[in-house]
Number of protein chains: 2
Amino acid sequence: MEKATEKINSIKVKINGEDYYIKGAVPEEYIERVASYVDEKMVDLSRSHQKLSPARIAVLAALNITDELFKLKQEYDEFLNMLESENPKG
Amino acid sequence: MEKATEKINSIKVKINGEDYYIKGAVPEEYIERVASYVDEKMVDLSRSHQKLSPARIAVLAALNITDELFKLKQEYDEFLNMLESENPKG
């Protein structure tokens, strides 16, 4: 839940040719950056998978982005473990 | 492009009630973990946005996951900058 005092921005973005109204307690520029990341993935996937429906293209985009998220999480965790083993506590 | 010597795994996963055949030069368990992350997001979003089409639910899931990716990137970058300022070179 958003706090009532937070400013909620609502903007229109275009993703894979469709309009979406996105709300969030974050700057408009951030919403645009997130939307254009998804748009770019979907447009690329639509070109390489021309027979797939927009729904399946969106799911493929979500899978690709999740893969990036998991890889970054793993890299971050490995880095933290490396620091920990270089500077053990106690 | 995958190297010809890499083993390509192909498995069937169910995401928001639809079957997908996912290929990748990664362990099957990893593909399943990525797929179930997207499935969980989509099922949750379908419950809270019952009038939206599966295509729009998938785009919302992709937007949410991109937001998580960007936030993690920012946290990681800030952590690296903090280490850098604690241990300046030269």
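Everything below is about the structure shown above.
Residues numbered from 1 in each chain as written. Chains lettered and ligands numbered in written order. Predicted model: local features only at pLDDT ≥ 70, side-chain atom pairs only at ≥ 80, totals over all residues. Heavy atoms only, no water.

S.K.: Is there a simple way to think about the relation of the copies chain B and chain A in this case?
M.R.: The operation relating the pair of chain copies consists of a rotation about an axis and a translation along that axis. Least-squares fitting of chain B to chain A yields an RMSD of 0.0 Å, with the transformation described by 0.0 Å of translation along the axis and a rotation of 180°. Accordingly, the operation relating the two chain copies is best matched by a two-fold axis. The fraction of interface residues of chain B whose copies in chain A are also interface residues reaches 100%, indicating that both copies meet through the same surface. (Least-squares fit on C-alpha atoms with pLDDT ≥ 70 in both. Contact = heavy atoms within 4.5 Å.)

S.K.: Help me understand helix H1 (residues 28–48) of chain B in this model?
M.R.: Residues and elements named next belong to chain B. Here H1 is 21 residues long and its end C-alpha atoms lie 30 Å apart, about the 30 Å a rise of 1.5 Å per residue gives. What H1 keeps buried is the set Tyr30, Ile31, Val34, Ala35, Val38, Met42 and Leu45. One side of H1 carries all its buried residues, which in axial view fall inside an arc of 130°. Exposed side of H1, more than 90 degrees from the buried face: Glu29, Glu40, Arg47 and Ser48 are the residues found there. (Helix = DSSP H or I, 4+ residues; strand = E, 2+ residues; numbered from the N terminus. Expected span 1.5 Å × (residues − 1). Buried < 20%, exposed > 50% of the residue type's maximum accessible area, 1.4 Å probe, protein only. Arc of directions from axis to C-beta.)

S.K.: Honestly, the nonpolar core in this entry has me stumped. Any pointers?
M.R.: Soluble, globular proteins show a tendency: their nonpolar side chains are buried together. One finds A:Ile15, A:Met42, A:Leu63, B:Ile15, B:Met42 and B:Leu63 to be the most contacted residues of the largest nonpolar core, which totals 52 residues. Those elements that provide at least two residues to this core are strand E1 (9–15), strand E2 (18–24), helix H1 (28–48) and helix H2 (54–86) of chain A together with strand E1 (9–15), strand E2 (18–24), H1 and helix H2 (54–86) of chain B. For B:Met42, the contacting residues outside a window of four places in its chain are A:Val59, B:Ile15, B:Asn16, B:Pro54, B:Ile57, B:Ala58 and B:Ala61. (Core = buried A, V, L, I, M, F, W, Y, C linked by side-chain atoms within 4.5 Å.)

S.K.: I tried to follow the side chain of B:Asn9 on my own but got confused; where do I start?
M.R.: All names here are of chain B. In this structure, Asn9 sits in strand E1. Residue classification places Asn9 among the buried residues on the basis of a relative accessible area of 9%. At a separation of 2.6 Å, a polar atom in the side chain of Asn9 contacts the side chain of Lys7. Ignoring sequence-local partners within four residues, the contact set of Asn9 consists of Ile22, Lys23, Gly24, Val26, Pro27, Glu28 and Ile31. (Polar contact = N/O pair within 3.5 Å; in protein donor to acceptor, adjacent residues only side chain to side chain.)

S.K.: How should the interface of chain B and chain A be read in this particular structure?
M.R.: In many reports, interface size means the accessible area that the parts give up when they come together. Contacts between chain B and chain A engage 33 residues on the former and 33 residues on the latter. Taking both partners together, chain B and chain A bury about 3,200 Å²; carbon and sulfur atoms supply 76% of that area. Along the contact surface separating chain B from chain A lie two salt bridges. In this structure, B:Glu18 and A:Arg56 form a salt bridge, with 3.7 Å as the shortest nitrogen-oxygen distance. Our count for the contact surface shared by chain B and chain A stands at six residue pairs in polar contact (both at pLDDT 80 or more). A per-element tally of the side of chain B that touches chain A places H2(B) first, with 21 residues. Looking at the side of chain B that touches chain A residue by residue, the class counts come to 23 nonpolar, one polar and nine charged. (Buried area = accessible area lost by both parts, 1.4 Å probe. Salt bridge = Lys/Arg side-chain N within 4 Å of Asp/Glu carboxyl O. Nonpolar A, V, L, I, M, F, W, Y, C, P; charged D, E, K, R; others polar.)

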